[in-house]
Amino acid sequence: MGRGGITLGSIYGIKIILDYSWFIIFAIIIFILSFSLFPQLIPGFGASTYIVIGIITSIFFFSSVLAHELVHSIIAKMNGINVESITLIIFGGISRITEEPRTPGVEFKISIAGPLSSIVLGAIFFSIFFVASRVNLGLFIVVPALWLGYINVALGLFNLLPGFPLDGGRVFRSAIWYFTGSLRRSTAIASAVGKGIAYTMIIIGIVGPLFFGLISLLWFVLLGWYLLRAAEAGYEQVLYHEALEKVKVSEIMTENPVVVDPRLSIADMVSGYFMRLHYIGYPAVENGGAKGLITIDMIRDIPRDQWPIIRVSDVMRPLSPDIVTNPDAQVFDILPKLSRADGRLLVMKDGQLVGIITAADIRRAIVRRLHLEETGRPAA
Ligand SMILES: [Zn+2]
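> What exactly am I supposed to notice about the overall build of the protein chain here?
If you tally the helices and strands in the protein chain, you get 12 helices and 11 strands. Here the protein chain holds 380 residues, and 44% of them are scored as buried. In the protein chain, of all internal contacts separated by at least 6 residues, the share reaching a separation of at least 24 is 61%. As displayed, the protein chain offers around 19,700 Å² of accessible surface, 64% of which is attributable to carbon and sulfur atoms.

> I keep staring at the packing of helix α2 (residues 47-78) against helix α4 (residues 139-159) and nothing clicks. Help me out?
If you want to describe how two helices pack, look at the angle between their axes and the distance between the axes. α4 packs onto α2 with a crossing angle of 30° between their chain directions and a minimal axis gap of 10 Å. The element α2 and its partner α4 pack so that their crossing is right-handed. Contacts between α2 and α4 involve T49, Y50, I53, T57, F60, F61, S64, V65 and H68 from the first element and F140, P144, W147, L148, I151, N152, L155 and N159 from the second. Looking at the contact of α2 with α4 residue by residue, the class counts come to 11 nonpolar, six polar and no charged.

> Quick question: what am I supposed to make of the sheet that holds strand β9 (residues 324-325) here?
In sheet architecture, strand pairing relies on hydrogen bonds along the backbone and comes in two forms, parallel and antiparallel. Strand order in this open sheet of four strands is β5-β11-β10-β9, and the pairing throughout is mixed. A strand with exactly one partner marks an edge of an open sheet, and here the two such strands are β5 (254-255) and β9. Where β9 meets strand β10 (residues 344-349), two bridges bridge the pair, whose relative direction is parallel. Across the sheet, the residue bridging to T325 is V347, located in β10. Across the sheet, helix α11 (residues 331-340) is in contact with β9, β10 and β11 (352-358); its angle to β10 comes to roughly 125°.

> Would you explain the sheet that holds strand β6 (residues 281-286) in this entry?
The strand order β6-β7-β8 describes an open sheet built from three strands, whose pairing is antiparallel. Every other strand in the sheet has two partners, leaving β6 and β8 (317-318) as the edge strands with one partner each. Across six bridges, the pairing between β6 and strand β7 (residues 289-295) is antiparallel. Counterpart to Y282 in the pairing with β7 is I294. Those strands touched by helix α9 (residues 266-274) are β6 and β7, and its axis lies near 120° from that of β6.

> What am I meant to see in a nonpolar patch on the surface here?
Together, V120, I124, I128, V131, V135, L137 and I141 make up an exposed nonpolar region whose accessible area comes to about 600 Å². When residues in the nonpolar patch are grouped by element, the largest group, four residues, is from helix α3 (residues 104-134). In this structure, L137 sits in the loop between α3 and α4.

> I'm lost on the pattern of salt bridges in this one. Help?
Within the structure shown, the criterion is met by seven salt bridges. For the salt bridge of R263 with D261, the shortest nitrogen-to-oxygen distance reads 2.8 Å. Given a relative accessible area of 46%, R263 falls into the partly exposed group. Of the charged contacts, one joins E286 and R263 as a salt bridge, the two residues approaching to 3.6 Å between their closest N and O atoms. Here the residue E286 occupies a position in strand β6, and R263 occupies one in the loop between β5 and α9, the gap between them amounting to 23 residues. Each member of the salt-bridge network shares a partner with another, and the members are E107, R170 and R173.

> Which parts of the structure should I look at to understand the environment of D268?
Among the secondary structure elements, D268 is positioned in helix α9. Put simply, D268 and R311 are 43 residues apart on the chain and 9.2 Å apart in space, counted from C-alpha to C-alpha.

> Looking at this structure, I do not really get the confidence of the model for the protein chain. What am I missing?
Close reading of the predicted structure is inappropriate where its pLDDT is low. The predicted model of the protein chain averages 82 in pLDDT, with 84% of residues at 70 or higher. Taken together, the stretch residues 374-380 has pLDDT below 50 and engages in six contacts with residues farther than four places along the chain or on a different chain.

> Mind showing me how you'd approach unusual backbone geometry here?
What is expected of a backbone is that most residues other than glycine have negative phi and most peptide bonds are trans. The phi dihedral of N256 falls on the positive side, at around 40°, and the residue is not glycine. With respect to the helices, strands and loops of the structure, N256 is situated in the loop between β5 and α9. At N287, a residue that is not glycine, the phi angle is positive and equals roughly 50°. With respect to the helices and strands, the residue N287 is situated in the loop between β6 and β7.

> Before we go on, may I ask you to explain the coordination of the zinc ion in this structure?
Reference values for coordination geometry: four tetrahedral donors around a metal ideally subtend 109.5 degrees, six octahedral donors ideally subtend 90 or 180 degrees. Looking at the metal site, the zinc ion is ligated by H68 (NE2), H72 (NE2), D167 (OD) and D167 (OD), spaced 2.0 to 2.7 Å from it. Viewed at the metal, the four donor atoms of the zinc ion are separated by angles of 53 to 151°, and the geometry they form is irregular. Within one chain, the residues donating to the zinc ion are spaced in sequence as H-x3-H-x94-D. On the criterion of helical spacing, the pair formed by H68 and H72 is a turn pair, its members being four residues apart in helix α2. For H72, a relative accessible area of 5% corresponds to the buried category.

What counts, and at which threshold
Within any chain, residue numbers begin from 1 and follow the written order of that chain's sequence. In keeping with the model being predicted, local features are shown solely for residues with a pLDDT of at least 70 and side-chain atom pairs are shown and tallied solely at 80 or more, while totals for entire chains, interfaces and linings include all residues. Note that the side-chain values use all heavy atoms of the structure and ignore hydrogens as well as water. Numbering of helices and strands runs from the N terminus, with a helix taken as a DSSP run of H or I at least four residues long and a strand as a DSSP run of E at least two residues long. Note on classification: 1.4 Å probe, protein chains only; a residue is buried when its accessible area is under 20% of the maximum for its type, exposed when over 50%, partly exposed between these limits. Any two residues whose heavy atoms approach within 4.5 Å at even a single point are treated as in contact. Residue burial considers only the protein chains on display, and all accessible areas are found by Shrake-Rupley using a 1.4 Å probe. Axis definition: a line fitted to C-alpha atoms, limited for helices to the stretch in contact. Angles are taken between N-to-C directions and run from 0 to 180 degrees. Here a crossing is called left-handed whenever its near helix is offset anticlockwise from the far helix by less than a right angle, and right-handed whenever the offset is clockwise. Note that Gly is not counted as nonpolar here; it falls among the polar residues with everything else outside the nonpolar set of Ala, Val, Leu, Ile, Met, Phe, Trp, Tyr, Cys and Pro and the charged set of Asp, Glu, Lys and Arg. Strand pairing follows a simple DSSP-based rule, namely that at least 2 bridges must link the two strands. Patches draw on residues past 30% relative accessible area with no salt bridge. Two like charges within 9 Å are joined, as are two nonpolar side chains (Val, Leu, Ile, Met, Phe, Trp, Tyr) within 5 Å. Whenever Lys or Arg places a side-chain nitrogen within 4 Å of a carboxyl oxygen from Asp or Glu, that contact is recorded as a salt bridge. For every residue, the predictor assigns a confidence score, pLDDT, that lies between 0 and 100. With water excluded from the atoms, a metal site may look incomplete; its donors are any N, O or S atoms within 2.8 Å, or within 3.2 Å for Na, K and Ca. Geometry is assigned from the angles between donors: four donors with all angles from 85 to 135 degrees make a tetrahedral site, four or six donors whose opposite pairs exceed 155 degrees while the rest stay between 65 and 115 make square planar or octahedral sites respectively, and everything else is labelled irregular.

So, in structure tokens, the structure goes:
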């Protein structure tokens, strides 16, 4: 869901990314607050005052959503699960937890923590509202605090709906998983409920304006559509996870890959390898030792007249733990590293190159597994 975005920074080693779609919701919220809610509840001020308060309130809202996601991620990390990044998208956030929880208990803890933190935050904002209104702190604190209280509690409750992949759906899944012992079956059930909730929301959104306002239509249709997409994607991810379960790198890697000499010029590299063979990445090996990895992307920006002068060793990615895995590693566990290394890793054992594994190898393995399972034939 939306790879593009702006990286804001890191908290606890977790990258915080702002998806481009997030700006749309940010603008909508500022607009609703500044041109509708605040002028109604705090009348008598100029437009610029409402806009400033609208922006400040929206930033608090944004921080609340981030806090919700951070709590998920911190609980995940405390349970030994790696969290790559948090992407704030159109409705809240996605914590990119690079592996599925291994037990229902862990999944339950990670999932319930987010909504609980939203409800706690909501309670804090409600308290600020009560205190501020008692001591007459002014409507510009009272009203935003009330709204932030509502929105956080709403966020917590919405996320507790039992449709996967909402947090509540994950809690629901962990319960079915606990009783059936099957991650796949529990995900299928929780996703089906998730889709049901999504369709219900879309329908409410379409007939809703008869009873509520136009804004509710927009919210429900968008939320429903988002949930629908997420339910499908979440189930697919579990299928992929299951397809890769217990598959080792050595089972799907390409053994004895074609290697190149790092002293080769780019001109010879292009004519002798990239143009002649169908591979787009090669290990660079000199005197029997792996020195690095070169892919077609690395030579793209080199002007043609430089090709005879520049060598493979000048542009290759030098050997480092970032581009190396071992044949006994679980394929599922190397996925984050593989994506950081542009979809290609050298496979080495005892300092010797034994193979290469690419994203394409993994896609083939997934298709093979899923296909063989669906047609009922035993997996090879
Ligand atoms: Zn959540």
